[in-house]
Every structure is written in C-alpha cells, then in structure tokens.
Amino acid sequence: EDQVTQSPEALRLQEGESSSLNCSYTVSGLRGLFWYRQDPGKGPEFLFTLYSAGEEKEKERLKATLTKKESFLHITAPKPEDSATYLCAVVRYGGATNKLIFGTGTLLAVQP
Amino acid sequence: ETGVTQTPRHLVMGMTNKKSLKCEQHLGHNAMYWYKQSAKKPLELMFVYSLEERVENNSVPSRFSPECPNSSHLFLHLHTLQPEDSALYLCASSQDDATNEKLFFGSGTQLSVL
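Parameters at a glance
- For every chain, the first residue of the written sequence is number 1, and numbering continues from 1 onward in sequence order.
- Chains and ligands are labelled by the order in which they are written, letters from A for the one and numbers from 1 for the other.
- Local features in a predicted model are, by the rule used here, given only for residues with pLDDT of at least 70; side-chain atom pairs are given and counted only at 80 or more, and totals for whole chains, interfaces and linings are based on all residues.
- The side-chain values count all of the structure's non-hydrogen atoms but skip hydrogen atoms and water molecules.
- Working definition: helices are DSSP H or I runs of at least four residues, strands are E runs of at least two. Numbering for both runs from the N terminus.
- We take the radius of gyration over the C-alpha atoms and set the globule estimate at 2.2 Å times the residue count to the 0.38 power.
- Relative accessible area decides the class of each residue, using a 1.4 Å probe on protein chains only: under 20% of the type maximum gives buried, over 50% gives exposed, and in between gives partly exposed.
- We call two residues in contact when some of their heavy atoms are within 4.5 Å.
- Here the accessible surface of atoms and residues is derived via Shrake-Rupley with a 1.4 Å probe, and residues count as covered only by protein chains that are part of the display.
- Each pair of aromatic rings taken from Phe, Tyr and Trp, with Trp reduced to its six-membered ring, is defined by centres within 6.5 Å and is described as stacked if the planes are under 30 degrees apart, edge-to-face if over 60, and tilted in the remaining cases.
- By definition, a salt bridge exists where a carboxyl oxygen of Asp or Glu is found within 4 Å of a side-chain nitrogen of Lys or Arg.
- Within 3.5 Å is the distance limit for a polar contact, defined as a pair of N or O atoms, with the added protein rule that one can donate a hydrogen and the other accept it, and that residues adjacent in sequence qualify only through two side-chain atoms.
- Side-chain classes follow a simple rule in which Ala, Val, Leu, Ile, Met, Phe, Trp, Tyr, Cys and Pro form the nonpolar group, Asp, Glu, Lys and Arg form the charged group, and the remainder, Gly included, forms the polar group.
- When DSSP finds at least two bridges between two strands, those strands are taken to pair.
- To obtain each axis, a line is fitted to C-alpha atoms, and for helices this fit is confined to the stretch in contact; angles are then taken between N-to-C directions over 0 to 180 degrees.

**Some points on the overall build of chain B**
Right, on to step 1. Counting secondary structure elements, chain B contains zero helices and 11 strands.
Right, on to step 2. The linear arrangement of helices and strands in chain B, starting from the amino end, is β-β-β-β-β-β-β-β-β-β-β.
Right, on to step 3. Since a compact globule built from 114 residues should have a radius of gyration of about 13 Å, the 13 Å found for chain B is in line with a globular shape.
Right, on to step 4. For chain B, the spread of C-alpha atoms along the principal axes amounts to about 35 × 30 × 30 Å.
Right, on to step 5. The buried share among the 114 residues of chain B stands at 46%.
Right, on to step 6. For chain B, contacts bridging at least 24 residues in sequence account for 54% of all contacts bridging at least 6.
Right, on to step 7. Accessible surface for chain B amounts to roughly 5,300 Å². Of this, 47% is attributable to carbon and sulfur atoms.

**Thoughts on the packing of aromatic side chains**
Right, on to step 1. Counted according to the given criterion, the structure contains nine aromatic pairs over all chains.
Right, on to step 2. In this structure an aromatic cluster arises from ring pairing among F34, Y36, F46 and F102 of chain A together with Y33, Y35 and F105 of chain B.

**Some words on the interface of chain B and chain A**
Right, on to step 1. Taken together, the 25 residues of chain B in the interface contact 21 residues of chain A.
Right, on to step 2. In this structure, the connection of chain B to chain A is made through zero salt bridges.
Right, on to step 3. Our count for the contact surface shared by chain B and chain A stands at four residue pairs in polar contact (both at pLDDT 80 or more).
Right, on to step 4. Breaking the side of chain B that touches chain A down by element, the ones donating at least two residues are strand 4 (31-37), strand 6 (53-57) and strand 9 (87-94) of chain B.
Right, on to step 5. In terms of residue class, the side of chain B that touches chain A is built from 11 nonpolar, seven polar and seven charged.

**Comments concerning the sheet that holds strand 3 (residues 19-26) of chain A**
Residue and element names in this part refer to chain A.
Right, on to step 1. Across the sheet, five strands lie side by side as 1-3-8-7-6; this open sheet has antiparallel pairing. Lying at the two open borders of the sheet, with one neighbouring strand each, are strand 1 (3-7) and strand 6 (56-59). Averaged over neighbouring strand pairs, the angle between their axes works out to 15° when direction is ignored.
Right, on to step 2. One ladder, built from six bridges, connects strand 3 with strand 8 (residues 70-75); its direction is antiparallel. Paired with N22 across the bridge in strand 8 is F72.

Here it is in structure tokens:
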C-alpha cells in the first residue's frame, strides 16, 4: 500500500538554527514527490516537485532533496516567517488522475 | 480576486441541516478537487472533476454530493452529516488532471457538525 510518513511531527527551532524535515515514502513507481507549505487558516501552498533520485531544488532558505526512499526539506538559517506546517505528498505511475498521497505534515515553529 | 476562493470560511450545522460549500477558481484551470483535512490525518482526496466531468469519487459517503456546473465553479452539497464529518474542507484546482500537476488550494471551509 502506498504510504507517506513525515518526521518529526513537530519541530521547534531558534531563529538561525538550521535543520531538516524528513518524508519517507513507499509507493509502487514514484511519478513525483511534492512539498507544500500550509499556514494556519489557509490551504497548502506549493513549494517543490521532485521527480527522480538525486534531484535537488531550492527556494530561498529551503532546499528539497530526493532519494529512492525519502525526501528531505532542509531549512537553512530559518526565520520566524518560516513557521508553518510542511506537507509532503507523492503520486505514482499508473494513476488515472492526479491522486496525491499526503503525509500528516511537520509543524515547524521558529522562535526569534 | 485571484487564485481559489472558498465560501463560507466557517460553517456550523446540525446533523439534519442541508448546506453547500462553494469554490471558485480564477486561474483558468480545467481540473478541480475536493479534499478533507482532519486533525492528525493526511489530506484525503474526495472528488476530482476534469472539464466539469467527475473522474474520481474516492469512496465518499453519499451525504456528500459534488457539483461542477462549469470549469470555474465547484460545489459540495452536504446533508444529514455526522459529527465525525467535522473537518477543514479544501478545494483545489490544477491546469489539468494529469498525475504530476501541482495543485492550487483555497483557504478552506472549517465545518463543525453538532
């Protein structure tokens, strides 16, 4: 069964303290892995799509990487405005439609 | 307005009520989705519409009834809900329903069923 597991569930960092969020997945033929950010009271906002092992993408203080089993979202020198829930999702080959399988997310709090 | 707009933002209803959630996208997309987000659970895909035709119905109880009158509007009609249906209901759109399209989400309707 396709599955996405995110860890940790919650993470508290001091401003400037770099860290990584993990997304491990089990899927029969990965088509793509997505990272979304969700602020309280809002819907998820797209960050990155990764397609193959070894691929990396960057946006400001965020860098996403992908292996055959997991993805990491590295946060370098975070700021309080990076506080949010970060969601990982996968889609597999063979699906008839855009059917993302989401993890439960990591709640990140960055303290000034 | 830009993006995906959902109304109402909050809804409280009794188990015997009938209500509807509305979603409108201003992005010119051809696919629209309903997701359910409950605390501590992953987002659950409920329905997918592509060019106003329902292409996915993810084993959702019949007390949830979607409607897509055109490619810009999506409704979720609710009737005789249960307390466990309380959740954040998110609408999303994408360019089409291909399996690697990124989704654009609305801010959701927070539903409480009493």
